[in-house]
Amino acid sequence: MKEKYKKDRYSEIILRELARNGRIANSELAEKIGLSPSACLRRVQELENVGLIKGYRAILDHELMGNSFIAYVAVGLREHSTESQLAFEQAIELSDEVKECHNVTGPFEYLLRVETKDLKAFKAFHAKTLGKIKQVTTISTHVVMESSKDDRS
């Protein structure tokens, strides 16, 4: 079991700043929060070691990457069993189009965030990937027309 980390004012600011800009220089971060660079670095390393900071990543432009079609897909399964869920998750793990897979509560079991080149590519994903997973019984697609807020970018 993971040890619960006791956050304080400094760690809260560090986490907020790193969430905004994971590439911020340690010296700049230290200045923003009012610590010495060495104390700031120790705190960041501690936050990494306890797992509060899981990693750093680049945020890519969907359109420039050729994935301008984005949809959220709600998926219902035939059976509500652990085995059925694991089989579905393993099948989805192989799909490059699925960027997020969430097991959720409500009228369906999963919510997927899917990125494809266009509607034609999505249709192929729908038929050739989702349509071939035997656990899937219902699919409901919500196409993203515009995003007024997206904290991932």
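In the block above lies the structure referred to throughout.
The rules we used
- Residues numbered from 1 in each chain as written.
- Predicted model: local features only at pLDDT ≥ 70, side-chain atom pairs only at ≥ 80, totals over all residues.
- Heavy atoms only, no water.
- Helix = DSSP H or I, 4+ residues; strand = E, 2+ residues; numbered from the N terminus.
- Rg over C-alpha atoms; globule rule 2.2 N^0.38 Å.
- Buried < 20%, exposed > 50% of the residue type's maximum accessible area, 1.4 Å probe, protein only.
- Contact = heavy atoms within 4.5 Å.
- Areas by Shrake-Rupley, 256 points an atom, 1.4 Å probe, with all protein chains shown as cover.
- Lys, Arg positive; Asp, Glu negative; His and termini not counted.
- Charge placed at Lys NZ, Arg CZ, Asp CG, Glu CD.
- Phe/Tyr/Trp six-rings, centres within 6.5 Å; stacked < 30°, edge-to-face > 60°.
- Salt bridge = Lys/Arg side-chain N within 4 Å of Asp/Glu carboxyl O.
- Pairing = 2+ DSSP bridges.
- Axes fitted to C-alpha atoms, helices over the stretch in contact; angles between N-to-C directions.
- Parallel < 35°, antiparallel > 145°, perpendicular 65-115°, else oblique.
- Nonpolar A, V, L, I, M, F, W, Y, C, P; charged D, E, K, R; others polar.

Asker: So what exactly am I meant to see when it comes to the overall build of the protein here?
Answerer: For the protein, the helix and strand inventory stands at five helices and four strands. Put simply, the protein runs from its N terminus to its C terminus through helices and strands in the order α-α-α-β-α-β-β-α-β. Taken over C-alpha atoms, the radius of gyration comes to 20 Å for the protein, far larger than the 15 Å a tight globule of 153 residues would show. For the C-alpha atoms alone, the extent of the protein along its principal axes is close to 55 × 40 × 25 Å. Within the span of the protein, comprising 153 residues, buried residues form 30% of the whole. Within the protein, contacts between residues separated by at least 24 positions form 64% of all contacts whose residues are at least 6 apart in sequence. Here the protein has roughly 11100 Å² of accessible surface; of this, 51% comes from carbon and sulfur atoms. If you average the places of the 24 positive and of the 23 negative side-chain charges in the protein, the two averages end up 0 Å apart.

Asker: Even after reading the chapter, I still don't get the packing of aromatic side chains, so can you show me in this structure?
Answerer: Evaluated as defined, the whole model comprises three aromatic pairs. Plain terms: the ring middles of F69 and F122 are 5.3 Å apart, the flat faces sit at 40° to each other, and that makes the pair tilted. Here F69 is found in strand β1 (residues 69-77), whereas its partner F122 is found in helix α5 (residues 119-128), with 53 residues between them in sequence. Residue F69 shares its accessibility class with F122, and that shared class is buried.

Asker: Whenever I open this one, the pattern of salt bridges confuses me. Can you help?
Answerer: Opposite charge on two side chains allows them to pair when their charged atoms are near. For the structure shown, the criterion picks out six salt bridges. As a salt-bridge pair, D8 and R43 come within 3.0 Å of each other at their nearest N and O atoms. With a gap of 35 residues between them, D8 in the segment before α1 (9-20) and R43 in helix α3 (residues 37-49) connect regions that are remote in the sequence. Here R113 and E115 are joined by a salt bridge, their closest N and O atoms 2.6 Å apart. Take R113: its relative accessible area is 4%, and that puts it in the buried class. Salt bridges linked by common partners bring E17, R20 and K32 together as one network.

Asker: Help me understand the sheet that holds strand β2 (residues 98-103), please; the structure alone is not making it clear to me.
Answerer: Sheet strands pair by backbone hydrogen bonding; their relative direction is either parallel or antiparallel. Within the open sheet, the four strands sit side by side as β2-β3-β1-β4. Their pairing is antiparallel. Of all the strands in the sheet, the pair left with one neighbour each is β2 and β4 (136-143). Neighbour to neighbour, the strand axes of the sheet diverge by 20° on average, direction disregarded. Where β1 meets strand β3 (residues 110-116), seven bridges bridge the pair, whose relative direction is antiparallel. Paired with Y72 across the two strands is R113, which belongs to β3. Contacts from helix α4 (residues 82-93) reach β1, β2, β3 and β4, with the element oriented near 10° to β3.

Asker: So what exactly am I meant to see when it comes to the packing of helix α2 (residues 26-33) against α3 here?
Answerer: The description of two packed helices rests on the angle between their axes and on the distance between the axes. Here α2 crosses α3 at 100°, and the two axes come no closer than 8 Å. Accordingly, the angle class assigned to the pair α2 and α3 is roughly perpendicular. The residues of α3 that touch α2, namely those facing N26, L29, A30 and I33, are P37, C40, L41 and V44. Looking at side-chain class alone, the contact of α2 with α3 contains seven nonpolar, one polar and no charged residues.

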